[in-house]
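Listed below are the residues making up each chain.
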Amino acid sequence: MDLSDSRTAGQPPRRVSAMEAVLAHLRAAIERGEYAVGDKLPSEAELCRALEVSRPVLREALRALQTMGLTVSRTGKGTFVVAHTVEDPTFGDYAASDLMEVRRHVEIPVAGYAALRRTPENLDHLAHLLARMERETDTTAWVAMDTLFHLAVAEAAQNPVFRKVIEEIRDALARQSAFLTELGGRREQSNREHRAIVEALTDGGERDATEAMAHHLDRVETSLADIVRAGHAGSTMEDGGGR
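Residues numbered from 1 in each chain as written. Predicted model: local features only at pLDDT ≥ 70, side-chain atom pairs only at ≥ 80, totals over all residues. Heavy atoms only, no water.

Caption draft 1: Quick peek at empty space enclosed by the protein. Scanning the model with the defined rule gives one cavity of 30 Å³ or more in all. Of the pockets and cavities examined, the largest cavity occupies roughly 120 Å³. Arg 103, Asp 146, Gln 176, Ser 177 and Val 220 are, among the 14 residues lining the largest cavity, the residues nearest its centre. Looking at the lining of the largest cavity, the elements that each hand over two or more residues are α6 (139-156), α8 (170-184) and α10 (206-229). Ranked by residue count, the leading element in the lining of the largest cavity is α8, at five residues. When its residues are assigned to classes, the lining of the largest cavity shows four nonpolar, seven polar and three charged. (1 Å grid on protein atoms, 1.4 Å probe; cavity = no way out; pocket = protein on both sides within 12 Å on 5 of 7 lines; lining within 4 Å. Points joined across faces, edges and corners; volume = space filled by probe spheres on them. Helix = DSSP H or I, 4+ residues; strand = E, 2+ residues; numbered from the N terminus. Nonpolar A, V, L, I, M, F, W, Y, C, P; charged D, E, K, R; others polar.)

This is the structure in structure tokens:
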């Protein structure tokens, strides 16, 4: 089975990466019960041969399975199934639901304060970051700038406590961003949402800024929910890579 050329059902313009295809295949197998809770997945070498993908691609998919809470990796022993359904992905030390709850209570009002207090230097920094993000095609580099963007908005609020809070969840934000970018194709959409935030901050509109940030977080939450809801019926692939 060659999984390297699959496409997203219902979304012809966006090609599914090899990692997404491998992830969908393994997730479907777990959700169908082909692997029981407690079962060990085949070795990396076996999976690479069976799915005709490279080890780095497979490892990315295995990390995503673990983020989804379906598996756990045990050093020197392998990857084991711990659940048959995705409930609440985990990003570093934080569950997605907890992270989103805090983001809504912190980042939305922060955007409002930033609109009222931002300096020309803050706006220049945000505009520079946004321009780099819109040009960037490498996911790892883009994700790093995504976290810097949210830190920069917190800095523009001129309250060091806000920055400290975002710093505390920075690793989780990066993991969440990478997860959504790789599995939800969020990069271009996120760039547009970030531009709306910067425009609102530039105009100095508190209400527009909070609404722009709220819309951004709404879209993040929707993308997460779509990934969680995507059961094996939506991700089953036929042999040969089509779906």
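Caption draft 2: Inspection of the packing of aromatic side chains at higher detail. Summed over all chains, the structure comprises two aromatic pairs. Centroid distance Phe 91 to Phe 179: 5.4 Å. Interplanar angle 70°. Geometry classified as edge-to-face. Of this pair, Phe 91 sits in strand β3 (residues 90-91) while Phe 179 sits in helix α8, and the two are 88 residues apart along the sequence. Over the ring of Phe 80 we find Arg 74; its NZ or CZ atom is 4.5 Å from the centre of that ring. (Phe/Tyr/Trp six-rings, centres within 6.5 Å; stacked < 30°, edge-to-face > 60°. Lys NZ or Arg CZ within 6 Å of the ring centre and 35° of its normal.)

Caption draft 3: Up close: the nonpolar core. Core analysis: the biggest nonpolar cluster contains 70 residues, and Val 153 and Leu 201 have the highest contact counts within it. Setting aside anything within four residues of it in sequence, one finds Leu 201 in contact with Ala 111, Ala 114, Ala 115, Arg 118, Leu 123, Leu 126, Val 153 and Ala 209. (Core = buried A, V, L, I, M, F, W, Y, C linked by side-chain atoms within 4.5 Å. Buried < 20%, exposed > 50% of the residue type's maximum accessible area, 1.4 Å probe, protein only. Contact = heavy atoms within 4.5 Å.)

Caption draft 4: Spotlight on the pairing of strand β2 (residues 78-81). As judged from the four bridges shared by strand β1 (residues 71-74) and β2, these two strands associate in the antiparallel manner. Across the sheet, residue Thr 71 finds its bridge partner in β2, namely Val 81. Where β1 folds back on β2, the antiparallel hairpin that results is connected by three residues, among which Gly 76 adopts a positive phi of roughly 80°. (Pairing = 2+ DSSP bridges.)

Caption draft 5: Quick peek at α10. Compared with an ideal rise of 1.5 Å per residue, which puts 24 residues at 34 Å, α10 spans 34 Å between its outermost C-alpha atoms and is within 8% of the ideal. Among all positions in α10, only Ala 209, Thr 210, Ala 212, Met 213, Ala 214, His 216, Leu 217, Val 220, Ser 223, Leu 224 and Ile 227 are buried. (Expected span 1.5 Å × (residues − 1).)

Caption draft 6: The arrangement of the environment of Ala 21 in detail. Following the sequence through the fold, Ala 21 ends up in helix α1 (residues 18-31). C-alpha of Ala 21 to C-alpha of Leu 58: the two residues are 37 residues apart in sequence and 9.9 Å apart in space.

Caption draft 7: Examining the packing of helix α5 (residues 120-135) against α6 more closely. Their axes nearest at 10 Å, the elements α5 and α6 cross at an angle of 165°. Classified by the angle between their axes, α5 and α6 sit roughly antiparallel to one another. Crossing hand, α5 versus α6: left-handed. Of the residues in α6, those in contact with Asn 122, His 125, Leu 126, Leu 129, Arg 132 and Met 133 of α5 are Trp 142, Met 145, Asp 146, Leu 148, Phe 149, Ala 152, Val 153, Glu 155 and Ala 156. When the residues that make up the contact of α5 with α6 are grouped by side-chain class, the tally is 10 nonpolar, two polar and three charged. (Axes fitted to C-alpha atoms, helices over the stretch in contact; angles between N-to-C directions. Parallel < 35°, antiparallel > 145°, perpendicular 65-115°, else oblique. Left-handed = near helix turned anticlockwise from the far one by under 90°.)

Caption draft 8: Structural detail: the side chain of Asp 146. The residue Asp 146 is located in helix α6 in this model. Here Asp 146 sits buried without a salt bridge, and the closest side chain of opposite charge, Arg 103, lies 6.3 Å off (N-O distance). The contacts of Asp 146, once residues within four sequence positions are left out, are Met 133, Ser 177 and His 194. (Lys, Arg positive; Asp, Glu negative; His and termini not counted. Salt bridge = Lys/Arg side-chain N within 4 Å of Asp/Glu carboxyl O.)

Caption draft 9: Layout of the pattern of salt bridges. Applying the stated criterion across every chain yields a total of 15 salt bridges. Close ionic contact of Arg 55 with Glu 44 constitutes a salt bridge, the shortest N to O distance being 3.3 Å. Of this pair, Arg 55 sits in helix α3 (residues 55-67) while Glu 44 sits in helix α2 (residues 44-51), and the two are 11 residues apart along the sequence. By relative accessible area, Arg 55 is classed as partly exposed at 36%. Measuring nitrogen to oxygen at the nearest pair gives 2.6 Å for the salt bridge that ties Asp 226 to Arg 229. Linking Asp 226 with Arg 229, this pair stays in helix α10, spanning three residues, or about one helical turn. For Asp 226, a relative accessible area of 40% puts it in the partly exposed group. Taking relative accessible area as the criterion, Arg 229 reaches 60% and is therefore assigned exposed. Ionic contacts of the salt-bridge type, sharing partners, join the residues Glu 155, Arg 163, Glu 167 and Arg 170 into one network.

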